[in-house]
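One letter stands for each residue in the lines below.
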Amino acid sequence: MPARAPPRTVHAPSTPAPRRPPMPVAASPSDAFVSVFDLFKIGIGPSSSHTVGPMIAARQFARRLQAAPGRAAPGWSAVHGVRAELFGSLSATGLGHGTDRAVLLGLAGYEPDTVDPEAIAPAIAAIRATQQLALLGQHPIRFVEKDHLLMRRKSLPLHPNGMRFAALGADGEELLAAEFYSVGGGFVIDAAGTRVLNETAEGTAPAGDAPVSTAAPPYPFGSGAELLAQCAASGLSIAGLMAANEAARRSPEAVRRQLLAIWQTMAGCVARGCSATGHLPGRMQLRRRAAELKSSLSSHPEAALRDPLSMLDWVNLYAMAVNEENAAGGRVVTAPTNGAAGVIPAVLHYYRNFIPGATEQGIVDFLLTAGAIGILYKKNASLSGAEVGCQGEVGVACSMAAGALAAVLGGTPAQVENAAEIGMEHNLGMTCDPVGGLVQIPCIERNAMGAIKAINAARLALRGDGRHEVSLDQVIRTMVQTGADMKSRYKETSRGGLAVNVIEC
Ligand code: SF4
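Residues numbered from 1 in each chain as written. Predicted model: local features only at pLDDT ≥ 70, side-chain atom pairs only at ≥ 80, totals over all residues. Heavy atoms only, no water.

A.B. asks: Even after reading the chapter, I still don't get the overall build of the protein, so can you show me in this structure?
C.D. replies: Regarding its fold elements, the protein presents 20 helices and 9 strands. For the protein, the proportion of contacts with a sequence separation of at least 24, taken over those separated by at least 6, is 78%. About 19800 Å² of surface is accessible on the protein, with carbon and sulfur atoms providing 56% of the total. (Helix = DSSP H or I, 4+ residues; strand = E, 2+ residues; numbered from the N terminus. Contact = heavy atoms within 4.5 Å. Areas by Shrake-Rupley, 256 points an atom, 1.4 Å probe, with all protein chains shown as cover.)

Now the structure itself:
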């Protein structure tokens with residue numbers, strides 16, 4: 001009997017209202033609420049951990065210096081300088097990843113989600129030319145990069161991506177100091193392990209439809225098994241469950257609006273990447289390839305008719321377009337990181353452009369499902385190449401995209417979990433060894449490979465009935481252990497792998 005074909009029908013949309021009451025789930029230490037919008041954040045390239053996170057940390061440090069009622073701060077008038085120290089992986093690959101520029105921008109008050117990518121180069125050039133930096137755009141200090149931005153090879157205790165900022169008085173004495181860690185995907189924690197949010201001047205969380213409540217989600221989950229159990233008990237899809245959890249903090253309309261804004265930003269990034277030509281920044285002067293590929297694919301439609309696999313070329317194109325934009329410092333969405341930002345947009349474009357009956361609701365459900373899977377990695381593993389290698393970046397993105405695609409193609413929660421598991425299982429052990437410390441080789445093509453692998457993982461899962469030998473929780477655990485066993489030279493330090501075997505021109 002022929003095998004059952006993968007469903008081609010459009011899935012049922014996420015159900016906003018629960019059909020059955022939430023199942024109580026034992027609280028675990030990893031139960032802190034993580035939102036889909038923590039995973040999909042609008043930022044700039046080339047790296048969420050090395051660009052977005054340090055920019056947030058630097059800006060938050062500058063905010064702490066402002067005198068305010070009840071706040072132990074020196075106040076602007078006492079601050080004559082700031083010293084920033086970058087440790088571990090931030091020091092090893094920070095220059096290639098733009099960490100130096102991110103720190104300057106953050107101190108000057110720029111935010112990753114709102115800074116105009118076109119304004120970055122002139123802002124940095126002005127600071128370097130004048131050796132003056134206006135903290136938060138308000139308080140000018142002398143800032144000489146060779147004295148005030150220091151690279152330290154050793155690591156701080158909590159994570160390989162450590163930073164230390166110190167405010168300096170008139171005689172160079174330290175007035176206030178703080179350590180931060182950029183732990184992957186744009187997440188920042190302080191020395192106490194507390195999450196540091198990108199507070200705006202108004203003291204609110206991210207711009208737009210900010211959360212209006214801190215209510216606990218109705219369907220908490222800390223593992224894949226708990227997620228499946230919540231789906232089974234409530235009768236909800238994974239997307240429906242995530243929609244209900246998000247609606248505990250924002251209105252359902254705001255959740256949808258923000259998800260569609262994320263999608264529009266991803267689509268804009270693909271479009272820009274498909275038209276930009278020239279070379280990427282950095283010593284390698286890598287040629288941008290997406291525009292050429294787009295032109296070749298568009299101008300030979302008859303070749304596509306003859307080639308049943310031509311769809312793969314388009315998926316490759318979408319992913320490479322995003323990651324070339326990212327490498328160029330353009331506007332991207334962390335998904336869940338910048339280095340892996342191309343996988344999910346590529347698979348979403350595949351869904352929208354190649355799946356008959358694709359809908360806007362499908363895009364919303366895709367992002368919600370991908371978010372649920374990403375939360376499992378955020379809570380139980382890592383999204384940081386500096387901590388677990390590229391399995392934590394492109395591997396996680398592949399897993400998220402595989403599960404999400406399976407969901408919008410009609411998969412059951414068990415098939416979605418299976419697809420996500422396959423997506424990671426075959427990325428286990430993947431190292432992070434960026435050539436020249438740049439997020440270019442192997443990162444750009446790796447996203448194309450991750451997207452294709454995600455599509456295949458979804459198809460494999462949809463050919464089955466959800467039963468499988470390796471659970472998503474087991475593969476996540478394996479990924480953590482594999483990352484711990486990996487030598488640091490393969491964890492975003494550019495001291496091993498391709499980084500030492502490919503000669504930079
Ligand atoms: S190799 Fe992977 S983890 Fe490392 S910088 Fe590139 S995309 Fe990120």
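What follows continues from the structure just given.
A.B. asks: What am I meant to see in the site of the ligand here?
C.D. replies: Within the structure, the ligand sits among G339, C390, E393, C432, C443 and R446. A breakdown of the residues in the shell around the ligand according to their chemical character gives 3 nonpolar, 1 polar and 2 charged. (Near = heavy atom within 4 Å. Nonpolar A, V, L, I, M, F, W, Y, C, P; charged D, E, K, R; others polar.)

A.B. asks: Sorry if this is basic, but what is going on with the pairing of strand β7 (residues 174-184) here?
C.D. replies: A regular strand places its side chains on the two faces of the sheet in alternate fashion. Relative to β7, strand β6 (residues 162-168) runs antiparallel, the two sharing 7 bridges. Across the sheet, A166 pairs through a bridge with A177, a residue of β7. Linkage of β6 to β7, two consecutive antiparallel strands, is achieved through a turn of 5 residues, within which G172 is found at a positive phi near 85°. Direction of pairing for β7 relative to strand β8 (residues 187-190): antiparallel, over a ladder of 4 bridges. Bridge pairing in β8 places F180 opposite D190. Hairpin remark: β7 followed by β8, antiparallel, with 2 residues in the connecting loop; positive phi at G185, about 65°. (Pairing = 2+ DSSP bridges.)

A.B. asks: It is not clear to me how the side chain of D473 should be interpreted in this structure. Could you clarify?
C.D. replies: Within the secondary structure, D473 is located in helix α19 (residues 472-485). Of the side chains with opposite charge, R477 comes closest to the buried, unpaired D473, at an N-O distance of 6.1 Å. A polar contact is formed between the side chain of D473 and the backbone nitrogen of G224, at a distance of 2.6 Å. Those residues in contact with D473 that sit more than four places away from it in its chain are S223, G224 and A225. (Buried < 20%, exposed > 50% of the residue type's maximum accessible area, 1.4 Å probe, protein only. Lys, Arg positive; Asp, Glu negative; His and termini not counted. Salt bridge = Lys/Arg side-chain N within 4 Å of Asp/Glu carboxyl O. Polar contact = N/O pair within 3.5 Å; in protein donor to acceptor, adjacent residues only side chain to side chain.)

A.B. asks: Just checking my understanding: could you explain the pattern of salt bridges for this structure?
C.D. replies: Close approach of charged atoms allows side chains with opposite charge to pair. A complete count under the given rule lists 17 salt bridges for this structure. Between E145 and R128 there is a salt bridge whose closest N-O contact spans 2.7 Å. Linking E145 in helix α6 (residues 145-148) with R128 in helix α5 (residues 117-130), this pair joins segments that are 17 residues apart in sequence.

A.B. asks: Help me understand the nonpolar core, please; the structure alone is not making it clear to me.
C.D. replies: Counting 105 residues, the largest nonpolar core has F40, I344, L367, Y377 and L405 as its most contacted members. Looking at this core, the element that brings in the most residues is helix α16 (residues 394-408), giving 12 residues. If we ignore the near neighbours within four places in the chain, the residues touching Y377 are S382, L383, V396, S399, A420, M424, L472, V475, I476 and M479. Residues V103, L107, I127 and A167 belong to the second largest nonpolar core, which totals 39 residues. (Core = buried A, V, L, I, M, F, W, Y, C linked by side-chain atoms within 4.5 Å.)

A.B. asks: Even after reading the chapter, I still don't get the environment of G193, so can you show me in this structure?
C.D. replies: Along the chain, G193 turns up in the loop between β8 and α7 (224-234). Given a relative accessible area of 40%, G193 falls into the partly exposed group. Separated by 35 residues in sequence, G193 and L158 place their C-alpha atoms 8.1 Å apart.

A.B. asks: Teacher, can you tell me more about the sheet that holds β7 here?
C.D. replies: Neighbouring strands of a sheet are bound in pairs by backbone hydrogen bonds; such pairs are parallel or else antiparallel. The strand order across the open sheet built from 5 strands is β5-β2-β6-β7-β8, with neighbouring strands paired in mixed fashion. Each end of this open sheet is capped by a strand with a single partner; those strands are β5 (149-152) and β8. If you compare each strand with its neighbour and ignore which way they point, the axes differ by 25° on average. Along the sheet, helix α2 (residues 48-65) contacts β2 (81-87), β6, β7 and β8; its crossing angle with β7, the most-contacted strand, is approximately 155°. Packing of helix α4 (residues 99-107) onto the sheet brings it into contact with β2, β5 and β6, and relative to β2 it is tilted by some 145°. (Axes fitted to C-alpha atoms, helices over the stretch in contact; angles between N-to-C directions.)

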